[in-house]
Amino acid sequence: SAVELLNSVKVENVADRIVWGLRESIRIAHRAGIKKDSIIVDPGIGFAKTQKENLLTMKYLKKIVGKVGYPMLLATSRKSMIGNALDLPVDQREEGTIVTTILGAEAGCNMVRVHDVEKNVRALKMLYAINE
């Protein structure tokens with residue numbers, strides 16, 4: 001299960017490695033003349049990470065967002081991380097996507113990329129109603 005997977009491997013500074021990589025990308029963008037207000041970063045769920053690393057990225061997303069200091073896009077919609085954790089095909093991953101959308105909002109992500117916009121917006125509206 002996803003919980004067993006999370007508990008079986010050491011954290012190995014996954015969040016710190018992501019922060020380092022994002023900061024390096026930001027430095028490259030600055031050297032290329034891209035202005036700070038034109039930069040959006042993405043923690044890269046599903047890119048060059050194991051299942052465990054993807055889950056740990058979500059677990060430590062607030063730490064990552066806080067250390068990077070740039071607008072963060074979270075793109076987890078229907079990703080294999082969700083399918084692997086829930087053992088579901090791509091067309092049945094909406095609930096998992098909604099959970100990651102809520103976690104992203106709570107962590108401070110400014111944007112999410114989703115397939116089912118209406119359901120994710122409703123979930124975010126509920127989160128915001130609770131947190132008012």
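Per chain, residues are indexed from 1 in the order of the written sequence. In view of the model being predicted, local features appear only for residues whose pLDDT reaches at least 70, and side-chain atom pairs are presented and counted only at 80 or more, with totals across whole chains, interfaces and linings using the full set of residues. Where side-chain values are given, they derive from all heavy atoms of the structure, hydrogens and water being excluded.

**Some thoughts on the overall build of the protein chain**
Summing up its helical and strand segments, the protein chain has 7 helices and 2 strands in all. When its helices and strands are written in sequence order, the protein chain yields α-α-α-α-β-α-α-β-α. Expected size for 132 residues packed as a compact globule is a radius of gyration near 14 Å; at 15 Å, the protein chain falls within 12% of this value. Looking at the protein chain as a whole, 38% of its 132 residues are labelled buried. In this description, contact between two residues means that some pair of their heavy atoms is separated by no more than 4.5 Å. For the protein chain, the share of sequence-separated contacts (at least 6 apart) that also reach a separation of at least 24 residues comes to 64%. Just so you have it, the protein chain exposes about 8000 Å², and 56% of that area is on carbon and sulfur atoms. Secondary structure counts use DSSP, requiring at least four H or I residues in a row for a helix and at least two E residues in a row for a strand, with both numbered from the N terminus. In this setup the radius of gyration rests on C-alpha atoms only. A globule is expected at 2.2 Å times the number of residues raised to 0.38. Burial classes: relative accessible area under 20% of the type maximum marks a residue as buried, over 50% as exposed, and values in between as partly exposed (1.4 Å probe, protein chains only). Exposure was quantified through the Shrake-Rupley algorithm and a 1.4 Å probe, taking into account, for residues, occlusion by the shown protein chains and nothing else.

**Side note on the nonpolar core**
Looking at soluble globular proteins, one finds that nonpolar side chains tend to be buried together. Counting 24 residues, the largest nonpolar core has Leu22, Val41, Leu61, Ile64, Val68 and Met72 as the members making the most contacts within it. Secondary structure elements with two or more residues in this core: α2 (14-31), α3 (51-59), α4 (61-68) and α5 (80-86). At 7 residues, the largest contribution of residues to this core is made by α2. Not counting chain neighbours up to four residues away, the residues in contact with Val68 comprise Val19, Leu22, Ile26 and Val41. Buried Ala, Val, Leu, Ile, Met, Phe, Trp, Tyr and Cys residues that are joined via side-chain atoms within 4.5 Å together make up what is termed a nonpolar core.

Fair warning: the whole summary comes from geometry, so function is off the table for now.
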